[in-house]
Amino acid sequence: MFNGLQQRYKTRVQKKLEQAVASYFTAHPEVKLIVVTGSVGKTSTKTAIATILSQKYRVRLHEGNHNSPLSVPLAILGVPFPENIRSFSAWRAAVRAARAKILAPTDVDVIVQELGADHPGDIAAFGRYLHPNMAVITAVTPEHMEFFKTLDAVAHEELMAGNFSQLALINRDDIDGQYAEYLTNGNLDTYGTSAAAEYHFEQQDFTVENGHVGNFVAPELPAGISTTIKVLGEHNLRPVIAAAAVGVKFGLNAEEIAAGLKVIAPIPGRMNLLLGLNGSSIIDDTYNSSPVAASSAVQTFYSIQAPQRIAIMGSMNELGDSSPAEHEKIGKMFHPDLVEWVITIGDDAGKYLAPAAHAQGCQVKSFANAVQAGAFAHSVMDRGALVLVKGSQGAVFAEEAVKILLLDQTDADKLVRQSPAWMAHKEEFFERTLN
């Protein structure tokens, strides 16, 4: 991210920004901080938390994924990240703006901030200057395995945020109990879709059109909250349950939480159901991908009735040596009785997922990029088809396959990575891979 700047200058800037954040919370102890960590689901979780809390509080949320050591302090303080990261003057201006926040009247009550981990020690480093009121930890699954090597190392890293926060709220469904040894904070609660979690959801009904109907259960709410959560898939219920639990912990009453639940909607690229050509439906899950997320998406895909199913599966990045096995596992989830075509995008999906699906008896077609994959899907799509589109970000960009299949091209605004900068980057990538 910081190419072109001397490492020494980068370190100085980062230290000044961290000091500004620490000073900000000293000057404004009334402002509460919630951090969100985990292998998957951070963006959906932080967005849902902000939606619920905004029923009562002024909330700051950076809608992008500024979760790195340099970008986190700026996102917390509400200072724009410099457009020209090679400009010394731009970084000096950012530091001045950060310091100005210390003396200025606060414009928020709660800050919800995502923390990212690419290497061992990344989350622990945030604990040098952050002392959150709450850490929400979404999952422990394979991520950046070229650096972490083992799931134990991932668990140790992601759970670290719970230890430097006043309260830890962890996803009981996606964090194995064996990792409890990494949590030293005794002030701990759990959330999930099963009654094993203190905060959970009792589902009574589900339809694609209306979502999940049921009751949110919390120890503080004897009657619970009857509600409808309009997301697709059980794995997308969990961020919403986490948000409702945070709402309870931050003093929202049942009516305020219910009002927040009503307005929660899928974020772009997260199991978003869109109308496609020829009466088809598209499950747009192109924000990113990982083994757990891909598996959950396929399970939800199978739960929806359709005369034809087509799966467009992009490579899952940053899995290191585990990539062949993880892609093969996803490939084995496909069966010709359940899906008519499996279409892959990218190298690893083509090398490992495609052969596994073919061995199951599926029709399989592999492509170097999403434009080619979307065009092929268009050519084989029957009326009323259900199409799942899933893939990681880098060198996949599966949202461009979705774009080809949309009934109404104005719905392209609902897709991820559609800014001019992203489109220019993708155009260059597609030109390379089409030649």
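Quantities reported herein were computed from a predicted structural model and do not represent experimental measurements. (Residues numbered from 1 in each chain as written. Predicted model: local features only at pLDDT ≥ 70, side-chain atom pairs only at ≥ 80, totals over all residues. Heavy atoms only, no water.)

Explain the overall build of the protein here, please?
What the protein contains, in helices and strands, is 16 helices and 15 strands. Overall, the protein is about 60 × 60 × 45 Å in size when its C-alpha atoms are taken along their principal axes. Looking at the protein residue by residue over its 435 residues, the buried ones come to 55%. A separation threshold of at least 6 residues defines the contact pool for the protein, and within that pool the share at least 24 residues apart is 67%. When the accessible surface of the protein is totalled, it reaches about 18300 Å², and 51% of it is carbon and sulfur. Charge separation in the protein, taken as the distance between the mean sites of 36 positive and 46 negative side-chain charges, equals 9 Å. (Helix = DSSP H or I, 4+ residues; strand = E, 2+ residues; numbered from the N terminus. Buried < 20%, exposed > 50% of the residue type's maximum accessible area, 1.4 Å probe, protein only. Contact = heavy atoms within 4.5 Å. Areas by Shrake-Rupley, 256 points an atom, 1.4 Å probe, with all protein chains shown as cover. Lys, Arg positive; Asp, Glu negative; His and termini not counted. Charge placed at Lys NZ, Arg CZ, Asp CG, Glu CD.)

Looking at this model, I keep getting lost on the environment of histidine 119. Mind explaining?
Checked against the element boundaries, histidine 119 lands in the loop between strand 3 (110–114) and helix 5 (122–126). On the basis of relative accessible area, histidine 119 is assigned to the partly exposed category, the value being 34%. The sequence separation of histidine 119 and phenylalanine 148 amounts to 29 residues, and the corresponding C-alpha distance is 6.5 Å.

Is there a simple way to think about the packing of aromatic side chains in this case?
Working definition: an aromatic ring pair is given by the centre-to-centre distance plus the angle between the planes. Taken as a whole and judged by the stated rule, the model has eleven aromatic pairs. Ring plane angle 90° and centroid distance 5.3 Å describe the contact between phenylalanine 81 and tryptophan 91, whose orientation is recorded as edge-to-face. Here phenylalanine 81, found in the loop between helix 3 (71–77) and helix 4 (88–103), pairs with tryptophan 91, found in helix 4; they are ten residues apart in sequence, far enough to count as distant. Residue class for phenylalanine 81 comes out buried when judged on its relative accessible area of 18%. For the ring pair tyrosine 179 and tyrosine 182, a centre distance of 6.5 Å and an interplane angle of 25° mean the geometry is stacked. (Phe/Tyr/Trp six-rings, centres within 6.5 Å; stacked < 30°, edge-to-face > 60°.)

When you look at the pairing of strand 11 (residues 281–285) in this model, what are you seeing that I'm missing?
Taken residue by residue, a regular strand's side chains alternate between the two faces of the sheet. With four of five residues buried, strand 11 is to be regarded as a mostly interior element. Bridge analysis of strand 10 (residues 272–275) against strand 11 gives four bridges, and the strand direction is antiparallel. When the bridges of strand 11 are listed, leucine 274 appears paired with isoleucine 282. Connecting strand 10 to the antiparallel partner strand 11 that follows it, the hairpin turn spans five residues, and asparagine 278 within it adopts a positive phi of roughly 60°. Note: strand 11 against strand 15 (residues 386–390), five bridges, orientation parallel. The residue of strand 15 that forms the bridge with isoleucine 282 is valine 387. (Pairing = 2+ DSSP bridges.)

Just checking my understanding: could you explain the nonpolar core for this structure?
Note on soluble globular proteins: their nonpolar side chains tend to be buried together. By size, the foremost hydrophobic cluster in this structure holds 47 residues, and its most contacted members are Trp91, Leu130 and Leu159. Looking at this core element by element, the count peaks at seven residues for helix 1 (residues 7–27). Judged by nonpolar contacts, the second largest core, of 36 residues, contains Val110, Leu167, Tyr191 and Phe216. (Core = buried A, V, L, I, M, F, W, Y, C linked by side-chain atoms within 4.5 Å.)

Explain the sheet that holds strand 7 (residues 199–207) to me, please; I cannot follow it from the model alone.
The pairing of strands in a sheet happens through backbone hydrogen bonds and is either parallel or antiparallel. Spatial ordering of the open sheet is given by 2-3-1-4-5-6-7-8-9, a layout of nine strands whose pairing is mixed. The open sheet is flanked by strand 2 (59–61) and strand 9 (221–229), the only strands paired with a single partner. When the angles between neighbouring strand axes are averaged without regard to direction, this sheet yields 20°. Judged from the four bridges that link them, strand 1 (residues 32–37) and strand 4 (residues 134–137) form a sheet pairing that is parallel. Considered in strand 4, the bridge of valine 35 is made with alanine 135. (Axes fitted to C-alpha atoms, helices over the stretch in contact; angles between N-to-C directions.)

Teacher, can you tell me more about the environment of glycine 41 here?
As for its position among the elements, glycine 41 is in the loop between strand 1 and helix 2 (42–53). Taking C-alpha positions, glycine 41 is 20 Å from serine 54, a pair spaced 13 residues apart along the chain. Residues within four places of glycine 41 in sequence aside, it is in contact with Thr138 and Arg270.

Looking at this model, I keep getting lost on the packing of helix 12 (residues 323–331) against helix 13 (residues 347–359). Mind explaining?
Relative orientation of the contacting elements helix 12 and helix 13 amounts to 40°, with a least axis distance of 7 Å. In terms of their interaxial angle, helix 12 and helix 13 are classed as oblique. When the axes of helix 12 and helix 13 are compared, the crossing they make is right-handed. Across the interface between the two elements, Ser323, Pro324, His327, Glu328, Ile330 and Gly331 from helix 12 touch Asp348, Ala349, Tyr352, Leu353, Ala356 and Ala357 from helix 13. Tallied by class, the residues present in the contact of helix 12 with helix 13 amount to seven nonpolar, three polar and two charged. (Parallel < 35°, antiparallel > 145°, perpendicular 65-115°, else oblique. Left-handed = near helix turned anticlockwise from the far one by under 90°. Nonpolar A, V, L, I, M, F, W, Y, C, P; charged D, E, K, R; others polar.)

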